[in-house]
Amino acid sequence: MSGVRVIDLSAVLMGPYATQILADHGADVIKVESPGGGDSTRQIGPSHHPGMGPLFLNLNRGKRSIVLDLKQPAGLAAMHRLLVGADVFMHNLRPASIDGLGLGYEQVRAIRPGIVWCGMYGYGESGPYAGRPAYDDLIQGAVGIAELQAQAAQGPPRYVPLVIADRMAGLHAVHSISMALYAREKTGRGCRIDVPMFETLASVVLGDHLYARTFEPAEGASGYVRLLSPGRRPYATRDGHICALVYNDGQWRRFLQAVEREDLLADERFASLASRTRHIDHVYGCLAEILSQRGTAEWLALFERIDVPAMPLNSVDSLLDDPHIRAVGLLAHVEHPTEGALQLPRVPVDWADHRPGPIAPAPRLGEHTVSVLQECGFGREEVAAMLRSGAALG
């Protein structure tokens, strides 16, 4: 992405996660923040200095921060000047808000023909939810994840403890922007991209759980039964827990022979993947009973010997010390100029002949306002006047 300039008007998580990935791969991401504290993630979590919380430090690494008051004519004019040299414009404001600022697709395209314009919203514009505010929790509930959690755990509805809707939408934005830039290389034309959280996560849920309702008429109920089984969880061992998935026919044959339970090989419920899926609660119950009889280390050694997938159960804290995580160098150690030593997950993908550069630090609020405005052709006095009026902060 070297040579690609992104004007990023997004905040919180969905948009910043997408532009974090673009920045990790070399894009020049100019983060346009509002007066009054900037991106709200600056305030979340512990920090060494105000406005530099851990979520912000990760999501906005490698970007440049400028502060513009887009409600002031001078601030909006500066945004227009930024757009003249941009390849990508991204925002996560509601459609009415972005149009009200004069930064809708047609308006931006008039300033910068060939722009790849990406709007990220809660819901698609053609449906009755268009324009509603959205947060990850709301989307998880609306697409059925909280109810699926209730089915699987046989308890109350719960959200997954990850910001999964924002991050899935962010990933879709990244690949959509990348494809749009590739298409522009061939055609010279930019495009408008709209990424809705609700539809994005609904497509993920339905991909797994449409199940028998894939057919018309339906061949049965929705819901992938293996994923919804209460027995699909880490198994208790004699001294802890283990994550194991005995899945295909060969794995079950090797496992049952290794634990001297060949009698189950003659049980119709264990005979095939289709049969095990139909009787998944019974199958998982038998597996749980067997695994409770030995210690975790003994099971891990046995599973490795018979080539059945298994892993130890980590917490977030123990994951940081996982030997594989350490060996592949997933955690980069970064020295931030004001926040000190940090550990941040690096790009997890490897290429044979390419490696993203070192992780650059996340910016202080308005750290690059003056330098970016000067790059765009503003003179020293013009910048000073904007700072005095509050149209820009730096």
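Structural data are supplied above this passage.
Residues numbered from 1 in each chain as written. Predicted model: local features only at pLDDT ≥ 70, side-chain atom pairs only at ≥ 80, totals over all residues. Heavy atoms only, no water.

Engineer: Is there a simple way to explain the overall build of the protein in this structure?
Structural biologist: Secondary structure assignment for the protein yields 18 helices and 12 strands. Projected onto the principal axes, the alpha-carbon positions of the protein cover approximately 85 × 55 × 45 Å. Counting every position in the protein, which comprises 394 residues, the buried fraction comes to 43%. In the structure as shown, the protein presents an accessible area of about 20,200 Å², 56% of it carried by carbon and sulfur atoms. Side-chain charges of the protein comprise 37 positive and 43 negative groups, with the mean position of each set lying 3 Å from the other. (Helix = DSSP H or I, 4+ residues; strand = E, 2+ residues; numbered from the N terminus. Buried < 20%, exposed > 50% of the residue type's maximum accessible area, 1.4 Å probe, protein only. Areas by Shrake-Rupley, 256 points an atom, 1.4 Å probe, with all protein chains shown as cover. Lys, Arg positive; Asp, Glu negative; His and termini not counted. Charge placed at Lys NZ, Arg CZ, Asp CG, Glu CD.)

Engineer: I would appreciate a short explanation of the side chain of D166 in the present structure.
Structural biologist: Residue placement: D166 occurs in helix α8 (residues 164-187). The buried charged residue D166 lacks any salt bridge, with R167 as its nearest oppositely charged partner at 8.1 Å. If we skip the residues at most four places from it in the chain, D166 touches L13, M14, D136 and M197. (Salt bridge = Lys/Arg side-chain N within 4 Å of Asp/Glu carboxyl O. Contact = heavy atoms within 4.5 Å.)

Engineer: Help me understand the nonpolar core, please; the structure alone is not making it clear to me.
Structural biologist: Soluble globular proteins tend to pack their nonpolar side chains together in the buried interior. In terms of nonpolar packing, the biggest core is built from 37 residues, with C118, M120, I139, V143 and I177 touching the most fellow members. Sorting the residues of this core by element identifies α1 (14-24), β4 (88-91), β5 (116-121), α7 (145-153), α8, β6 (191-196) and α9 (197-209) as the ones contributing at least two each. A per-element tally of this core places α8 first, with 7 residues. Dropping the residues within four chain positions of it, I139 is found in contact with G122, Y123, A134, A165, M197, F198 and L201. Counting residues in each nonpolar core, the second largest holds 30 residues, with I30, L103, V108 and I115 among its members. (Core = buried A, V, L, I, M, F, W, Y, C linked by side-chain atoms within 4.5 Å.)

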